[in-house]
Every structure is written in structure tokens, then in C-alpha cells.
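# Coordinates in review
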Amino acid sequence: MNTSILIVEDEQDLISTLTYNLEKAGYLVQSALSGEEGLTHIQEGSPPDLLLLDLMLPGISGLEVCRRIRTTPDTQDLPILMLTARGEGFDRIVGFETGVDDYLVKPFNIRELLLRIQALLRRKARYTLPPDAEKEITFGRIWMDLEGHQVTVQGKDINLTVLEFKLLTTLISRRGLVQSRDTLLNDVWGISAMVQTRTVDAHIKRLREKLGVVGHYLETIRGVGYRFRSHPGEEEI
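Residues numbered from 1 in each chain as written. Predicted model: local features only at pLDDT ≥ 70, side-chain atom pairs only at ≥ 80, totals over all residues. Heavy atoms only, no water.

### Some remarks on the sheet that holds strand 10 (residues 179-180)
Applicable threshold: By this definition, two strands are paired if DSSP reports at least two bridges between them. Numbering of helices and strands starts at the N terminus; helices are DSSP runs of H or I of at least 4 residues and strands are runs of E of at least 2. Contacts were defined at the residue level, with two residues in contact if any of their heavy atoms lie within 4.5 Å. Each axis is a line fitted through C-alpha atoms, and for a helix only the stretch in contact is used; angles between axes span 0 to 180 degrees, taken between their N-to-C directions.
One open sheet accounts for three strands, arranged 10-12-11; its pairing is antiparallel. What marks the edges here is a single partner per strand, and that holds for strand 10 and strand 11 (218-221). Relative to strand 12 (residues 225-228), strand 10 runs antiparallel, the two being bridged by two bridges. Across the sheet, the residue bridging to Gln179 is Tyr226, located in strand 12. The strands touched by helix 8 (residues 198-211) are strand 11 and strand 12; relative to strand 11, the strand with the most contacts, the crossing angle is about 145 degrees.

Structure (C-alpha cells):
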């Protein structure tokens, strides 16, 4: 079955250009001219495999569309590539915290768009757990349900974005091993050299804050990268 992409964009000319190139690349394409229409399409039909989402839309903004998608269990893992125009003042950190997976600034090269789409779809496939994969992780005061995308610390639910969850999963599954920023960009974001390494730092900082009393499990190895500690303290087990 062909991969489906939904374009939510209020410029009809751009929709036509994107639809032509995406269909030429073998994707099934549908479109919506507003955030409300896009959400209706996702909620009442079959969710697409990937969403191309404009930042500035009439009515509901692209970021608000993203927030609603991420707080709905059926769509919380939907890959979202945001399209922004130069001068719109898109805050990358706010975008990533909201749940945007990647972004492109208009005007953009179609070839680059296709490469980023491929990278996002590969990342989604990589985080689909195989039948024999570990389903739960318990580490000190942390408990993770990998299938249900749930994290608790001392029994309290921790609300993580999709990227934060993937970052934590990657680090905790490799506990005791140092991960460079480039490694994390490649393995979590799935895009090598397309997102700046300080994006990793911002997500690590935010993840530590959300983990609260166990934030110190996430260690900074100066000049190298990050490491999830190999063992919790005895008093924390």
C-alpha cells in the first residue's frame, strides 16, 4: 500500500506543486486549506502516514494543529514536517517542544523536501517495536511502557512529546554508553546534519526538567555528549 501524505496549506498554487511532485515520487496525496479542515480529515478519516503542515494558517495555527494531534492517542506518533515562510519568526525550540518533527523554510528545494520526508518515514518505521522487543523498562524510579508511550517517575505520569520519548528511550536503552550529539541526531531525529546540534542540548535540558527528581540520571559528558547512568543509586531502587 502506498504511503499517504496530507498537505495542510492555504496556498493553492503550492498545494498543486507539492501534490504533483509527491505523486510523481509515488505517494498518495490529499490536501486541506485550513487547520480545521486538516484536523477534520485526520480525525474523521484514516490518519495519513505523514503530515506536511503550514505554520501560518487561517483560523487555527499550524502549532495548534500540532498540539491537538500530539494529545490524541491515535495520532500522537504521526510524523509532522512544518513549512514556514522566511520572516515568520518560527521558534524552532517551541516547535520541537510542541511536537514538530522537522521543518523547512519556504522557498525550499523539492529534492530536499523529499529527502526529509524519507528520513521521517524511516524514523517512524525504526520506532515501531518488533514483536520480540522489550515492551517495558524499569530503571530506579522510572517506569516506561514503550508500546503505550507512557513514562512515570515514582508512579507519577510524565508528559513527554514524541521526540522527548524517543530521546529518553534511546538513552535509557543504551544506559552507561556515551552518545554524541551527532549520534542522537541521526538515531532520534533521523536526519544527519539537517538539524543543528544545539537542538539536542535544548531537548536534553527540557527532558531533565520533566524527569524532575531523576533528571540527574541523564549525565553530560563534557566535550563528548550525553550518557544515561548505568545504575540508579541504591537509595533510589
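There is more to say after this.
### A few points about the side chain of Thr170
We apply this condition: Nitrogen and oxygen atoms within 3.5 Å of one another constitute a polar contact, given that in protein one can donate a hydrogen and the other can accept it, and given that sequence-neighbouring residues count only through two side-chain atoms.
Mapped onto the fold, Thr170 is located in helix 6 (residues 162-173). Here Lys166 takes part through its backbone oxygen, which lies 2.9 Å from a polar atom of the side chain of Thr170.

### Digging into helix 8
Stated precisely, the cut-off is as follows: Given the number of residues in a helix, its expected span is that number minus one, multiplied by 1.5 Å. Each residue is placed in one exposure class: buried if its accessible area under a 1.4 Å probe, protein chains only, is under 20% of its type's maximum, exposed if it is over 50%, and partly exposed if it falls in between. The directions from the helix axis to the C-beta atoms form the arc being described.
If you check helix 8, its first and last C-alpha atoms are 20 Å apart, about what 14 residues at 1.5 Å a residue would give, namely 20 Å. Of all the residues in helix 8, the buried ones are Thr199, Val200, His203, Ile204, Leu207 and Leu211. Axial view of helix 8: buried residues confined to an arc of 135 degrees, hence all on one face. Those residues of helix 8 that are exposed and angled more than 90 degrees off the buried face are Arg198 and Lys205. For helix 8, the elements touching its buried residues are helix 4 (92-98), strand 8 (150-153), helix 6, helix 7 (181-189), strand 11 and strand 12. Gly212, located one to two residues past helix 8, shows a positive phi value of around 60 degrees.

### Examining the pattern of salt bridges
Inclusion rule: Take a side-chain nitrogen of Lys or Arg and a carboxyl oxygen of Asp or Glu: if they are within 4 Å of each other, that pair is a salt bridge.
A complete count under the given rule lists 14 salt bridges for this structure. Across the pair Asp102 and Arg116 runs a salt bridge whose closest N-O atoms are separated by 2.9 Å. Here Arg116 lies in helix 5 (residues 110-126) and Asp102 lies in strand 5 (residues 102-106), a separation of 14 residues in the sequence. For the pair formed by Asp102 and Arg116, the shared burial category is buried. We note a salt bridge from Glu164 to Lys210, for which the minimum N-O separation is 2.8 Å. Taken together, the residues span a long stretch of sequence, with Glu164 in helix 6 and Lys210 in helix 8 at a distance of 46 residues. Taking relative accessible area as the criterion, Glu164 reaches 0% and is therefore assigned buried.

### Some points on the side chain of Glu9
Among the secondary structure elements, Glu9 is positioned in the loop between strand 1 (4-8) and helix 1 (12-24). For Glu9, a relative accessible area of 0% gives the class buried. Separated by 2.9 Å, the side chain of Glu9 and the backbone nitrogen of Glu11 make a polar contact. If we skip the residues at most four places from it in the chain, Glu9 touches Leu14, Ile15, Ala32, Leu33, Asp54, Leu57, Leu83 and Lys106.

### Description of the sheet that holds strand 7 (residues 142-145)
Ordered by their spatial adjacency, four strands build an open sheet running 6-7-8-9, and the pairing between neighbours is antiparallel. Each end of this open sheet is capped by a strand with a single partner; those strands are strand 6 (136-139) and strand 9 (156-157). Along the sheet, helix 6 contacts strand 6, strand 7 and strand 8; its crossing angle with strand 7, the most-contacted strand, is approximately 115 degrees.

### Some details on the packing of helix 6 against helix 8
When two helices pack together, their arrangement is given by the angle between the helix axes and by the axis-to-axis distance. Stated formally: Angular relationships are summarised with four words: roughly parallel below 35 degrees, roughly antiparallel beyond 145, roughly perpendicular across 65 to 115, and oblique for the angles in between. Under the scheme applied here, ten amino acids are nonpolar (Ala, Val, Leu, Ile, Met, Phe, Trp, Tyr, Cys and Pro), four are charged (Asp, Glu, Lys and Arg), and all others, including Gly, are polar.
For the pair helix 6 and helix 8, interaxial distance at closest approach is 10 Å and the crossing angle is 85 degrees. Considering the angle they form, helix 6 stands roughly perpendicular to helix 8. Counted together, Leu163, Glu164, Leu167, Leu168 and Leu171 of helix 6 and His203, Ile204, Arg206, Leu207, Lys210 and Leu211 of helix 8 form the full contact between these two elements. Of the residues in the contact of helix 6 with helix 8, the class split is seven nonpolar, one polar and three charged.

### Focus on the nonpolar core
Under the convention used in this document: For the purposes of this section, nonpolar cores are sets of buried Ala, Val, Leu, Ile, Met, Phe, Trp, Tyr and Cys residues that join through side-chain atoms within 4.5 Å.
Ranked by size, the top nonpolar core spans 49 residues in total, and within it Leu51, Leu53, Ile142, Met144 and Phe228 carry the most contacts. The leading source of residues in this core is helix 6, at six residues. Other than its neighbours up to four places away in sequence, Ile142 contacts Ile137, Val151, Thr152, Val153, Ile172, Val214, Tyr217 and Phe228. Ranked by size, the runner-up nonpolar core spans 19 residues in total, among them Ile7, Leu81, Leu83 and Phe108.

### Structural notes on the pairing of strand 4 (residues 80-85)
Here is the rule: Think of it like this: strands point away, you trace from the first strand over the helix to the second, and a clockwise trace means the crossover is right-handed.
Buried residues dominate strand 4, accounting for five of its six residues. Pairing geometry for strand 3 (residues 50-54) and strand 4, over four bridges, is parallel. Bridging across to strand 4, Asp54 finds its partner in Leu83. Handedness of the β-α-β unit built from strand 3, helix 3 (residues 62-70) and strand 4 comes out right-handed. Two elements, strand 4 and strand 5, share five bridges in a ladder whose sense is parallel. Each bridged residue has a counterpart across the sheet, and for Leu83 the counterpart in strand 5 is Leu104.

In short, shape yes, function no, at least from these values alone.
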